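# Coordinate analysis (summary)
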There are 2 protein chains.
Amino acid sequence: VIYVDGQPANSLPIDDRGLNYGDGLFETVALRQGEPQHWDLHYARLVDGAARLGIDCPASALLRQDVAAALPSPAPSRLVAKIILTRGSGGRGYAPPVPSHPRRIVRLSAWPEWPQSHVGEGIPLSLCATPLGRNPVLAGLKHLNRLEQVLASRELAAVGAVEGLMFDDLARLIEGTRTNVFLVAGRELLTPRLDQCGIAGVMRTIVMDLARSLSLHVTETRVERSLLYSANELFVCNSLIGIWPAREILSPIGRSFSSMPVTRRLMLELAARDLAP
Amino acid sequence: VIYVDGQPANSLPIDDRGLNYGDGLFETVALRQGEPQHWDLHYARLVDGAARLGIDCPASALLRQDVAAALPSPAPSRLVAKIILTRGSGGRGYAPPVPSHPRRIVRLSAWPEWPQSHVGEGIPLSLCATPLGRNPVLAGLKHLNRLEQVLASRELAAVGAVEGLMFDDLARLIEGTRTNVFLVAGRELLTPRLDQCGIAGVMRTIVMDLARSLSLHVTETRVERSLLYSANELFVCNSLIGIWPAREILSPIGRSFSSMPVTRRLMLELAARDLAP
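The structure reproduced in this document is the subject of the present report. Owing to the predicted nature of the structure, the values given are computational and were not obtained by experimental measurement.

### Some details on the overall build of chain A
Scanning chain A from terminus to terminus reveals nine helices and 17 strands. Relative to the 2.2 N^0.38 estimate, which gives 19 Å for 277 residues, the radius of gyration of chain A is 19 Å and therefore close to what a compact globule would have. Considering only C-alpha atoms, chain A reaches an extent of 50 × 45 × 35 Å along its principal axes. For chain A, buried positions account for 57% of its 277 residues. Summarising the internal contacts of chain A: among those between residues at least 6 apart in sequence, 73% fall at separations of at least 24. A gap of 1 Å separates the mean positions of the 29 positive and 27 negative side-chain charges of chain A.

See the structure below:
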């Protein structure tokens, strides 16, 4: 089911700047009984991204209305809502028309089914060869320029990885192809700083807040590749999967994780506080 | 006039990966009497880009057929053809479906009219604050991830510039927002290397070949920002404008160019050899 600017639609004008330049943003939101989870965090990120790109952000109520309109009746217990905000139609040329008329796209899709073992035993992770370019102007945003993630994703199947770790040109760990990453090192929870590249995930924020409420020490920091050898635990997270522990980091790191007490505790608390998708 | 996969269309499916991830490439081609100019160079770049992204590139004849089908009759003497090649439709998630079915979009638009003074007197150029991220995997490609150019273009109007120069995070000159850049320094013609970022323009290739045929020494090199102070001449180029000399580099460089013998010679030869758009 797709709605464009509040109306059912299956297509969009070819002059849309989202297509032509990736000139827009998106949010992937878990719906439970039709209700967007962690909506305030998703919307706050969209507002921030729109401000940084100079796109007028629609009101929260309007976007929620779009989602509600697109919902089948009765609503399945779980759905995924992908909300795309583009700068709208524009002529040839990079410079945005003034004024621009942003376009809202809401696309609902079935809840993905993953093997239960991803949660129970954890997942194998690979190291992606595709690097992330650094650009502070775009860092943190969930914008539509995602070729790096597309190319990195193509690397996974061949090596049998469920998720891949991505690094910047300085060999610093930044994120997974579709997840944020946390490491447990000593008594600390570490996650890469996202001021140069990477997407600041909603579940990342939730996990950081949760961990701090459990008196864990959480640090956003530069994560050198060498930490992948020494970390006690590693997990990835996003708004649809919640948390998946790493069971193994494949070649060339080649190590496995047997027990993961901190990750397990965070997963339990996430569920107990009804913060998991 | 828009054709999608050889058929008239004004819209495209919302699950197209060009919209969702910028997962595709484009070419902007000058048409003269309906005939694509420098087609071999455009098509070669598209083939190269498609190979690097893992997208099946349509045959040259098929794309030319799309352009021919979209042409009004009689064809205006000049038109712009924008050819977009996306990876086609795909599900939610960055990983491309296997197999993917690439989508071809051809959009014809009127020939842009620029002030004659851009050619006659040259243009004022600004320095863009928006940096270019470096990523060798994407460098040189004319892909659909163009937010950097969009943001840089938004800087121009406020400072009265016709084009803006863009730099990487190491303060090296890379390109204009929609052009490639050449500098005349001593007896050499210099243009930035594009192995880390930037788009390898068709007119850039033509200008390099032309200059060499005139026994000018042409070097693709790292161009430090300081060269903007010492260069004797500077010009920008692309497939639609041909060559525009810089009349002035605005603050904080703040300098003007009065005579530009090498640039003028290249412009004359470009026209004389029927290589100009």
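### Considerations on the layout of surface pockets
Where empty space is left can be seen by rolling a probe of water-molecule size over the atoms. Taken as a whole, the largest pocket holds about 830 Å³ of empty space. Gly-93, Tyr-94 and Ala-95 of chain A together with Ser-153 and Arg-178 of chain B are, among the 46 residues lining the largest pocket, the residues nearest its centre. The set of elements that each furnish at least two residues to the lining of the largest pocket consists of β4 (24-32), α2 (39-53), α6 (156-159), β10 (172-176), α7 (202-213) and β15 (233-238) of chain B. Residues that form the lining of the largest pocket fall into these classes: 23 nonpolar, 13 polar and 10 charged. Counted as a void, the second largest pocket has a volume near 710 Å³. What lines the second largest pocket is a set of 35 residues, among which Arg-178 and Asn-238 of chain A together with Arg-92, Gly-93 and Tyr-94 of chain B lie closest to the centre.

### Here we look at the nonpolar core
Membership of the largest hydrophobic core comes to 26 residues, with the highest contact counts inside it found for Ile-14 and Ile-105 of chain A together with Ile-14 and Ile-105 of chain B. Broken down by secondary-structure element, the contributors of at least two residues to this core are β1 (2-4) and α1 (17-21) of chain A together with β1 (2-4) and α1 (17-21) of chain B. Look past the residues within four positions of Ile-14 of chain A in its chain and what remains in contact with it is Leu-19 and Asn-20 of chain A together with Ile-2, Val-4, Asn-10, Ser-11, Leu-12, Ile-105 and Arg-107 of chain B.

### Some remarks on the side chain of Asn-135 of chain A
Tracing the sequence through the fold places Asn-135 of chain A in the loop between β8 (123-127) and α5 (147-153). Judged by its relative accessible area of 5%, Asn-135 of chain A falls in the buried class. The residues contacting Asn-135 of chain A, other than those within four sequence positions of it, are Gln-196 of chain A together with Pro-131, Leu-132, Gly-133 and Glu-148 of chain B.

### Focus: the environment of Ala-231 of chain B
All names here are of chain B. The topology assignment puts Ala-231 in the loop between α8 (227-230) and β15. For the pair formed by Ala-231 and Phe-182, sequence separation is 49 residues and the distance between their alpha carbons is 9.9 Å. If we ignore the near neighbours within four places in the chain, the residues touching Ala-231 are Leu-183, Val-184, Arg-255 and Phe-257.

### Description of the sheet that holds β1 of chain B
Residues and elements named next belong to chain B. Spatially, β2-β1-β7-β6-β4-β5 is the arrangement adopted by the six strands of the open sheet, whose pairing is antiparallel. A strand with exactly one partner marks an edge of an open sheet, and here the two such strands are β2 (7-8) and β5 (35-36). Both β4 and β5 contribute to a ladder of two bridges, which runs antiparallel. Residue pairing in the sheet places Arg-32 in a bridge with Glu-35 of β5. Across the sheet, α2 touches β4, β5 and β6 (78-86), and the angle it forms with β4 is around 175°. Packing against the sheet, helix α3 (residues 60-70) makes contact with β1, β4, β5, β6 and β7 (103-110), and its axis sits at approximately 40° to β7.

### Some details on the pattern of salt bridges
Side chains carrying opposite charge are able to pair once their charged atoms draw close together. Throughout the structure, instances matching the rule amount to 36 salt bridges over all chains. Note that Asp-195 of chain A and Arg-222 of chain A form a salt bridge whose closest N and O atoms lie 3.0 Å from each other. Remark: Arg-222 of chain A occurs in the loop between β13 (217-221) and β14 (223-224) and Asp-195 of chain A occurs in the loop between β12 (188-192) and α7 (202-213); sequence separation between them is 27 residues. By relative accessible area, Asp-195 of chain A is classed as partly exposed at 28%. Each member of the salt-bridge network shares a partner with another, and the members are Arg-134 and Asp-169 of chain A together with Arg-134 and Asp-169 of chain B.

### Quick word on empty space enclosed by the protein
A complete count under the given rule lists three cavities of 30 Å³ or more for this structure. Each pocket or cavity is described by its volume, and for the largest cavity that value is around 430 Å³. If you trace the largest cavity, you find 33 residues lining it, with Leu-138 and Glu-148 of chain A together with Gly-133, Leu-138 and Glu-148 of chain B closest to the centre. Secondary-structure elements contributing two or more residues to the lining of the largest cavity are α5 of chain A together with α5 (147-153) of chain B. In terms of residue count, the dominant contributor to the lining of the largest cavity is α5 of chain B (three residues). Residue classes in the lining of the largest cavity are distributed as 11 nonpolar, 15 polar and seven charged. The computed volume of the second largest cavity comes to approximately 60 Å³. For the lining of the second largest cavity, the leading source of residues is strand β10 (residues 172-176) of chain A, giving three residues.

Calculation rules
- Along each chain, the written sequence defines residue order, and numbers are assigned to residues from 1.
- Chain letters start at A and ligand numbers start at 1, both assigned in the order the entries are written.
- With the structure being a predicted model, the display of local features is reserved for residues of pLDDT at least 70 and the display and counting of side-chain atom pairs for 80 or more, all residues being used for whole-chain, interface and lining totals.
- Remark: hydrogens and water are excluded; side-chain values derive from all non-hydrogen atoms of the structure.
- Helical segments are the DSSP runs of H or I of at least four residues, strand segments are the runs of E of at least two, and each set is numbered from the N terminus.
- Here the globule rule is a power law, 2.2 Å times the number of residues to the power 0.38, and the radius of gyration is based on C-alpha atoms.
- Only protein chains enter the calculation, and the probe is 1.4 Å; a residue is then buried if its accessible area is under 20% of its type maximum, exposed if over 50%, and partly exposed in between.
- By definition in these notes, contact holds between two residues if any of their heavy atoms fall within 4.5 Å.
- Residues scored as charged are limited to Lys and Arg (positive) and Asp and Glu (negative), so that His and the chain ends carry no count.
- A single reference atom marks each charge: NZ on Lys, CZ on Arg, CG on Asp, CD on Glu.
- Detection works on a 1 Å grid of protein atoms alone, calling trapped sets that fit a 1.4 Å probe cavities and calling open sets with protein on both sides within 12 Å along at least five of seven lines pockets, with lining residues defined by an atom within 4 Å of a point.
- Grid points are joined across faces, edges and corners, and a volume is the space filled by probe spheres set on the points.
- Residues are grouped as follows: Ala, Val, Leu, Ile, Met, Phe, Trp, Tyr, Cys and Pro are nonpolar; Asp, Glu, Lys and Arg are charged; all remaining types, including Gly, are polar.
- Put simply, a nonpolar core is a bunch of buried Ala, Val, Leu, Ile, Met, Phe, Trp, Tyr and Cys residues held in one set by side-chain atoms that sit within 4.5 Å of each other.
- Note on pairing: DSSP must find at least two bridges between two strands before they are called paired.
- Between N-to-C directions, angles span 0 to 180 degrees; the directions come from axes that are lines fitted to C-alpha atoms, helices contributing only their stretch in contact.
- Salt bridges are defined by distance alone: a side-chain nitrogen of Lys or Arg within 4 Å of a carboxyl oxygen of Asp or Glu.

Scope: geometric values only; no functional claims are made or implied.
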